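# Examination of the molecular architecture
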Amino acid sequence: MLGGAGFLWVGWTGFNGGSPFEANLIASLAILNTHICTATSLFVWLSMDMLVYKKSSVMGAVQGMITGLVCITPAAGIVEPWAAGLMGAISGSIPWYTMMVLHKKSSFFKKVDDTLGAFHTHAVAGTLGGLLSGILAKPSLLRLYYGNTERGPGLLYGLIQGELMDGLKQMSFQIIGAVFVASWNVVITSFICIFLSRFLNLRMDEGALEIGDDAAHGEEAYALWGDGERSPPYPRRRHLTIPTLCRSC
């Protein structure tokens, strides 16, 4: 798990830093902000686990890492490092709350098969990233990234520079964009699932789910000693058999 998470972090850094399609200030800033936000989010997620459950976990660390990567992506090259740290703190706490608290209390979420918590790590964290981009985007970085553009400053800088209406305008674009993406995903994904359900089952029956991987694939996903492995955790001693001819000698 940690190996895969590490590859994900490295790869994510690559496409955030590669977004400008050249080696420049924006690319280096995007890479730096990606690391700051992700590390902060991971730390905050583990801290929340320790404060509430008195125990951290590898799974929690990976979840915090993913929420940080998702959140910083829309803002990687247009916010300052301090803003990336703030986004990391938010992406490590709000998705943690929706996953660890609201998910367990909501009767709707209990009926949804979301084993990996994709709604919280991607939908919630992604929405936060889009909205926070509209608040924390710095005008000089926007001009450096997009050139002379009509894209407004972040709402925070709009307040500071006396351009409140421009900041609110950009913030409205971010909200409209988030609503459109969410609606598009719900409609198109529902259509695909309804279409596929005509030809195959989208969910295993309860009996198969109780058995798990054995029912679906005929093998176990993880063969760890003492956790599903049927062989002993040590090599069996072989007892040598002395041939009868040798015994008589």
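This part takes up the side chain of T98. Along the chain, T98 turns up in helix 4 (residues 81–105). Overall, the relative accessible area of 13% leaves T98 in the buried class. A distance of 3.0 Å separates polar atoms of two side chains, one belonging to T98 and the other to H120. The contact partners of T98, leaving out residues within four places of it in the chain, are H103, H120 and V124.

One non-glycine residue, F21, lies in positive phi territory at about 65 degrees. Its place among the elements puts F21 in the loop between helix 1 (2–17) and helix 2 (25–53). With a relative accessible area of 80%, F21 lands in the exposed category. Of note in the backbone geometry, K54 takes a positive phi value of approximately 60 degrees without being a glycine. Its location among the elements puts K54 in the loop between helix 2 and helix 3 (58–72). Residue K54 is classed as exposed on the basis of its relative accessible area of 64%.

By the definition in use, this model includes five aromatic pairs. Here Y53 and W96 contribute two aromatic rings whose centre-to-centre distance is 6.2 Å and whose plane-to-plane angle is 50 degrees, an arrangement assigned as tilted. Here W96 lies in helix 4 and Y53 lies in helix 2, a separation of 43 residues in the sequence. Classification of Y53 as partly exposed rests on a relative accessible area of 36%.

Attention now moves to the pattern of salt bridges. If you walk through the whole model with that rule in mind, you get one salt bridge. The shortest N-O distance in the salt bridge between K138 and E80 comes to 2.3 Å. You can see K138 sitting in the loop between helix 6 (118–136) and helix 7 (139–146) and its partner E80 sitting in the loop between helix 3 and helix 4, a full 58 residues away along the chain.

Quick look at the nonpolar core now. Core analysis: the biggest nonpolar cluster contains 17 residues, and I72, I78, V79 and M87 have the highest contact counts within it. Contributing elements (two or more residues each) for this core: helix 2, helix 3, helix 4 and helix 6. By residue number, the principal contributor to this core is helix 6, which donates four residues. Those residues in contact with M87 that sit more than four places away from it in its chain are C37, C71, I72, A75, V79, G129, L132 and L136. A5, W12, V62 and V70 belong to the second largest nonpolar core, which has nine residues in total.

Here is what the cut-offs are and how they apply
Residues numbered from 1 in each chain as written. Predicted model: local features only at pLDDT ≥ 70, side-chain atom pairs only at ≥ 80, totals over all residues. Heavy atoms only, no water. Helix = DSSP H or I, 4+ residues; strand = E, 2+ residues; numbered from the N terminus. Buried < 20%, exposed > 50% of the residue type's maximum accessible area, 1.4 Å probe, protein only. Polar contact = N/O pair within 3.5 Å; in protein donor to acceptor, adjacent residues only side chain to side chain. Contact = heavy atoms within 4.5 Å. Phe/Tyr/Trp six-rings, centres within 6.5 Å; stacked < 30°, edge-to-face > 60°. Salt bridge = Lys/Arg side-chain N within 4 Å of Asp/Glu carboxyl O. Core = buried A, V, L, I, M, F, W, Y, C linked by side-chain atoms within 4.5 Å.

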